[in-house]
Amino acid sequence: MKYALAIHTASSDLGLAISNFEAEARSQTWNLGRDLSTHLHVHLAEFLHPQSWKDLAFIAVAKGPGGFTGTRIGVVTARTLAQQLEIPLFAISTLAAIAWSERTTIANPAHLAVQMRAQRNEIFCAIYQVTPEGSELRTLLPDTVMGSETWQQTLKDWTTPYHLIQAEGGLGASVSSLLDLAHHHWQQGKRPHWSEALPFYGQHPVQG
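**With respect to helix α3 (residues 94-102)**
Helical periodicity: at 3.6 residues per turn, an α-helix aligns residues three or four positions apart in one direction.
Reasoning step 1: Counting buried positions over the 9 residues of α3 gives 7, a clear majority of the element.
Reasoning step 2: Buried residues of α3: T94, L95, A96, A97, I98, A99 and W100, and no others.
Reasoning step 3: Two to three positions downstream of the cap, the backbone nitrogen of L95 sits 3.1 Å from a side-chain oxygen, assigning the N-cap of α3 to S93.

Set out below in C-alpha cells:
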C-alpha cells in the first residue's frame, strides 16, 4: 500500500494527515484563520516530506459543510492535485468525519446525530450508524441544512436511540478520521474520479 493524503479546510483550521495504513501515520493542524489560502500550499509541501507526490495512491478532502471559502479552497486544491497525479479523490463529509472521530468515546452508540451551526438560525445536520463490527459508517440521514425547530422535531421523531454530537470549531482535528473513511471506501474497491468531488455548502453565502 502506498500513502494517502487527507486535506481538511472546512473551518479556520488546516488539517493534514498522511498514512500508509500499516506502519506510518501522522497528522497536524494549524489555526490559520483568514490566512488559510495564503499558507495552505506551503504547509502542504512541508508536511508531505519525506514522502513525495508520487508516493500517493489517493487523496481525501473534506467537502463540507463548513466555511464557504475554506471548503472551496480545499476541494479545488484536492481536485487539482488528483487530476495532475491521476489518482482517485474521495470527497468526505465534514459531519461524517466528526461522527467517526467520536465513535470510540461513546458507550454502545446506536445512531450518531451530528449538528453544526449554520447561518440564519439554521443547522447543518446528518445522522449515521456505526456498523456492528465497527468498521464502517452508514449514512441514515445525509448531510442537509434545516431550521433549528425542524431539526429538533426530526430528532424527537427519530425512533432509534441516538447520541447527539455538537460540531464546534477546530474541525481540522478530525482529518485523520477523514482519511480513515476514505480508506474504507478504497478497500471496497471504489476509485472516484477527481471530477466527482464536489463541495457541499448547504447555504448560499450571500443569501439574505
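**Topic: the pairing of strand β8 (residues 137-147)**
Reasoning step 1: Where strand β7 (residues 122-130) meets β8, 8 bridges bridge the pair, whose relative direction is antiparallel. Within the sheet, the bridge partner assigned to V130 lies in β8 and is L137.
Reasoning step 2: If you look at the hairpin formed by β7 and β8, you'll find 6 residues sitting between the two strands, and G134 has a positive phi there, around 75°.

**Let's talk about the packing of helix α1 (residues 36-48) against helix α2 (residues 68-85)**
Reasoning step 1: Where α1 meets α2, the closest approach of the two axes is 11 Å, and the angle between their N-to-C directions is 35°. The crossing of α1 and α2 is right-handed. Along the contact surface, α1 presents L36, S37, L40, H41 and L44, while α2 presents G70, I73, T77 and L81.
Reasoning step 2: Here the residues of the contact of α1 with α2 sort into 5 nonpolar, 4 polar and no charged.

**Things to note about unusual backbone geometry**
Reasoning step 1: That bond from H49 to P50 is cis: its omega, 15°, falls within 30 degrees of zero.
Reasoning step 2: With respect to the helices and strands, the residue P50 is situated in the loop between α1 and β4 (56-62).
Reasoning step 3: At the junction of G64 and P65, the peptide bond is cis and its omega measures out at 5° in the coordinates.
Reasoning step 4: By the secondary structure assignment, P65 is in the loop between β4 and α2.
Reasoning step 5: We note that F21 has phi near 60°; this positive angle belongs to a residue other than glycine.
Reasoning step 6: Taking the relative accessible area as the measure of exposure, F21 reaches 23% and is therefore partly exposed.
Reasoning step 7: Notably, E86 is not glycine yet its phi reads approximately 55°, a positive angle.
Reasoning step 8: Structurally, the position occupied by E86 is in the loop between α2 and β5 (89-92).
Reasoning step 9: With relative accessibility at 73%, the residue E86 sits in the exposed group.

**Side note on the sheet that holds strand β2 (residues 13-19)**
Reasoning step 1: The mixed open sheet is built from 5 strands, whose spatial order is β3-β2-β1-β4-β5. In this open sheet, the two edge strands, each paired with only one partner strand, are β3 (25-31) and β5. Across the sheet, the mean angle separating the axes of adjacent strands is 15° when strand polarity is ignored.
Reasoning step 2: Relative to β3, β2 runs antiparallel, the two sharing 7 bridges.

**Observations regarding the nonpolar core**
Reasoning step 1: With 35 residues, the main nonpolar core has F58, V114, Y128 and L137 as its most contacted residues.
Reasoning step 2: Counting residues per element, the ones that place at least two in this core are β1 (3-8), β4, β5, α3, β6 (111-117), β7 and α5 (175-187).
Reasoning step 3: In terms of nonpolar packing, the next biggest core, distinct from the first, is built from 24 residues, L14, A78, A82 and A197 among them.

**Thoughts on the side chain of S11**
Reasoning step 1: Inspection of the secondary structure puts S11 in the loop between β1 and β2.
Reasoning step 2: S11 sits in the buried class, given a relative accessible area of 16%.
Reasoning step 3: Excluding its chain neighbours within four sequence positions, the residues that come into contact with S11 are L36, G170, L171 and G172.

**Some words on the sheet that holds strand β9 (residues 162-166)**
What links the strands of a sheet is backbone hydrogen bonding, and the strands pair in either a parallel or an antiparallel sense.
Reasoning step 1: Within the open sheet, the 4 strands sit side by side as β8-β7-β6-β9. Their pairing is mixed. Two strands bound the open sheet, and with one partner strand each, they are β8 and β9. Taken pair by pair, the neighbouring strands of this sheet meet at an average axis angle of 20°, ignoring direction.
Reasoning step 2: Bridge analysis of β6 against β7 gives 6 bridges, and the strand direction is antiparallel. Looking at the pairing, Q115 lines up with C125 of β7.
Reasoning step 3: The sheet contacts of α3 involve β6, β7, β8 and β9, and relative to β7 the element is tilted by about 50°.
Reasoning step 4: The strands touched by helix α4 (residues 148-157) are β6, β7, β8 and β9; relative to β8, the strand with the most contacts, the crossing angle is about 145°.

Rules used in this analysis
- Residues numbered from 1 in each chain as written.
- Predicted model: local features only at pLDDT ≥ 70, side-chain atom pairs only at ≥ 80, totals over all residues.
- Heavy atoms only, no water.
- Buried < 20%, exposed > 50% of the residue type's maximum accessible area, 1.4 Å probe, protein only.
- Helix = DSSP H or I, 4+ residues; strand = E, 2+ residues; numbered from the N terminus.
- Polar contact = N/O pair within 3.5 Å; in protein donor to acceptor, adjacent residues only side chain to side chain.
- Pairing = 2+ DSSP bridges.
- Axes fitted to C-alpha atoms, helices over the stretch in contact; angles between N-to-C directions.
- Left-handed = near helix turned anticlockwise from the far one by under 90°.
- Contact = heavy atoms within 4.5 Å.
- Nonpolar A, V, L, I, M, F, W, Y, C, P; charged D, E, K, R; others polar.
- Core = buried A, V, L, I, M, F, W, Y, C linked by side-chain atoms within 4.5 Å.

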